[in-house]
Amino acid sequence: MNTATPPQGHPARPTRATKRVLLASPRGWCAGVDRAVAAVEKALELYGAPIYVRHEIVHNKYVVRTLERKGAIFVEQTEEVPEGSLVVFSAHGVAPAVHAEAAERKLTTIDATCPLVTKVHKEAVRYANEDYDILLIGHEGHEEVIGTSGEAPDRITLVDGPADVAKVEVRDESKVVWLSQTTLSVDETMETVDALKNRFPNLLSPPSDDICYATQNRQIAVKKLAEEAQLVIVVGSRNSSNSQRMVEAALGAGADAAHLVDFADEIDEAWLQSVTTVGLTSGASVPDVLVDGVLTWLAERGYTDVETVRTADESITFSPPRELRRDLRTPPVDNP
Ligand code: SF4
């Protein structure tokens with residue numbers, strides 16, 4: 001679990017007599033995660049276990065454990081996959097070198113990269129071909145950043161927050177563009193962009209937002225909760241970037257405390273002291289069954305009044321990875 005202290009200076013909230021939960025909507029499972037998890041499940045159904053998955057398919061412990069029980073084997077490197085096997089690439093995307101390595105090892109691949117990450121890869125390729133220096137705002141070591149950087153390693157410089165801006169070096173200040181990881185804090189990213197624009201006044205912006213709809217919507221929703229909740233609980237794993245950013249967004253918006261937990265049993269009873277309103281939400285890789293677990297845990301402690309706080313409607317869906325579509329149309333027929 002992740003614990004943090006809030007910034008100072010937010011006005012005190014009116015206290016309430018009854019205990020209640022404000023439940024964010026939208027929350028949890030996004031279209032890219034749904035597609036990636038379904039790809040592994042469908043591959044297991046169609047081709048049978050084991051199915052190899054390079055990196056956690058999405059950053060959530062529960063999802064990974066559930067798929068492991070069904071026969072998925074998670075590996076960190078392509079070389080760990082036996083030659084000739086089937087491997088699924090995770091929603092975070094991979095560099096072209098990973099595709100090449102898979103081809104060398106004669107692996108059958110299913111690419112479950114989220115289409116919104118693929119969009120950023122395509123932007124990187126396009127600007128590199130136009131000879132731009134690309135400043136990629138993102139977190140060092142994150143799987144998505146490694147994949148995007150691999151599209152044009154000679155042209156991409158990682159900028160991990162405003163503190164990195166002074167160190168950036170480019171070849172030609174009139175030909176610089178910024179792109180970003182899809183799961184960042186919107187507010188911190190704009191701070192970094194402003195600092196970059198101060199250094200490079202001709203800095204070009206991407207044609208559309210790289211921070212995805214799901215990340216943005218979940219940050220807006222958690223900020224709304226934080227206006228009234230003394231405590232905000234975000235269900236998500238520590239290695240989930242968008243979940244971590246939601247904790248920061250809650251604190252920034254005035255929650256007295258905000259915590260990240262994978263499961264209800266990680267909640268500390270002490271967090272509830274003097275708390276009448278709990279805000280509850282979940283990261284984009286979190287199935288709602290985990291939120292239900294937290295609601296049950298809270299109800300057992302008197303927080304039975306649950307109000308949904310809706311800040312957006314989401315209807316986005318993505319079609320399955322190309323490699324699966326044909327076999328999904330013609331499911332295998334059992335021989336008599
Ligand atoms: Fe795609 Fe955004 Fe979900 Fe990541 S968080 S899988 S980029 S929709």
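That block above? That's the structure.
Below: a short report on this structure. (Residues numbered from 1 in each chain as written. Predicted model: local features only at pLDDT ≥ 70, side-chain atom pairs only at ≥ 80, totals over all residues. Heavy atoms only, no water.)

1. A look at the overall build of the protein
Note the threshold: Numbered from the N terminus, helices here are DSSP runs of H or I no shorter than four residues, and strands are runs of E no shorter than two. The globule rule is 2.2 Å times the number of residues to the power 0.38, and the radius of gyration it is compared with is taken over C-alpha atoms. Think of it in three bands: with a 1.4 Å probe and only protein chains considered, a residue is buried below 20% of the maximum accessible area for its type, exposed above 50%, and partly exposed in between. Whether two residues touch is decided by their heavy atoms; if any such pair falls within 4.5 Å, the residues are in contact. Surface exposure here means Shrake-Rupley accessible area, sampled with a 1.4 Å probe, where a residue is shielded only by the protein chains that are shown.
When its secondary structure is counted, the protein shows 10 helices and 13 strands. Computed over C-alpha atoms, the radius of gyration of the protein comes to 21 Å, within 12% of the 20 Å expected from 2.2 N^0.38 for 336 residues, which places it in the range of a compact globule. In terms of principal-axis extent, the alpha carbons of the protein reach across some 65 × 65 × 30 Å. For the protein, with 336 residues in total, the buried portion stands at 52%. For the protein, the share of sequence-separated contacts (at least 6 apart) that also reach a separation of at least 24 residues comes to 77%. Looking at the protein as shown, the accessible area adds up to about 15,500 Å², and 49% of this sits on carbon and sulfur atoms.

2. Structural notes on the sheet that holds strand β3 (residues 51–54)
Selection rule: Following DSSP output, two strands are said to pair if at least two bridges run between them. Here an angle of 0 to 180 degrees is reported between the N-to-C directions of two axes, which are lines fitted to C-alpha atoms, with helices fitted over the stretch in contact.
Spatially, the 4 strands line up as an open sheet ordered β4-β3-β5-β6, and their pairing is parallel. For this open sheet the edge positions go to β4 (72–75) and β6 (108–111), each flanked by a neighbour on one side alone. For this sheet the average axis-to-axis angle between neighbouring strands, irrespective of direction, equals 30°. Here β3 pairs with strand β5 (residues 86–89) via 3 bridges, running parallel. Residue pairing across strands places V53 opposite V88, the latter belonging to β5.

3. Brief notes about empty space enclosed by the protein
Where we set the bar: Here a cavity means grid points, on a 1 Å grid over the protein atoms only, where a 1.4 Å probe fits yet cannot get out; a pocket means an open set of points with protein on both sides within 12 Å along at least five of seven lines; lining residues are those with an atom within 4 Å of a point. Grid points are joined across faces, edges and corners, and a volume is the space filled by probe spheres set on the points. The nonpolar class holds Ala, Val, Leu, Ile, Met, Phe, Trp, Tyr, Cys and Pro. Asp, Glu, Lys and Arg form the charged class, and all remaining residues, Gly among them, are polar.
Enumeration over the complete set of coordinates arrives at 2 cavities of 30 Å³ or more. One number sums up the size of the largest cavity: a volume of about 290 Å³. As for the largest cavity, its lining consists of 26 residues, of which C30, V33, H92, T183 and N242 are closest to the centre. For the lining of the largest cavity, the secondary structure elements donating two or more residues are α1 (31–47), α4 (115–129), α7 (213–226) and α8 (241–252). Of the residues in the lining of the largest cavity, the class split is 14 nonpolar, 11 polar and 1 charged. Forming the walls of the second largest cavity are I137, G138, H139, V159, D160, G161, L184, S185, E188, T189 and T192.

4. Some details on the nonpolar core
To keep it simple, the criterion reads: What is meant by a nonpolar core is a set of buried Ala, Val, Leu, Ile, Met, Phe, Trp, Tyr and Cys residues, joined one to another through side-chain atoms within 4.5 Å.
Among the nonpolar cores identified, the biggest contains 29 residues, and V40, V53, I57, V58, L67, F74 and V88 are the most heavily contacted of them. Looking at this core, the elements that each hand over two or more residues are α1, β3, α2 (61–70), β4, β5 and α7. Top contributing element to this core by residue count: α1, with 9 residues. Setting aside residues no more than four positions away along its own chain, V53 makes contact with V40, A72, I73, F74, V75, V87 and V88.

5. A word on the packing of aromatic side chains
Worth spelling out the cut-off: Aromatic pairs are defined between Phe, Tyr and Trp rings, using the six-membered ring for Trp, whenever the two ring centres lie within 6.5 Å; interplanar angles under 30 degrees are classed as stacked, those over 60 as edge-to-face, and all others as tilted. A ring is considered to have a charge above it if a Lys NZ or an Arg CZ atom is located within 6 Å of its centre and within 35 degrees of its normal.
Under the definition given, this model contains 1 aromatic pair. The lysine or arginine in question, R126, covers the ring of Y127, its NZ or CZ lying 4.6 Å from the ring centre.

6. Here's the deal with the site of the ligand
What counts here: Here a residue is near a molecule or strand as soon as one of its heavy atoms is found within 4 Å of it. Whether a molecule lies in a cavity or pocket depends on its atoms, and more than half of them have to be within 2 Å of the grid points.
Around the ligand sit C30, G32, V33, C114, L116, T182, T183, C212, Y213 and A284, and that is every residue in its neighbourhood. Judged by its atoms lying within 2 Å of the grid points, the ligand is housed in the largest cavity. In the shell around the ligand, the residues fall into 7 nonpolar, 3 polar and no charged.

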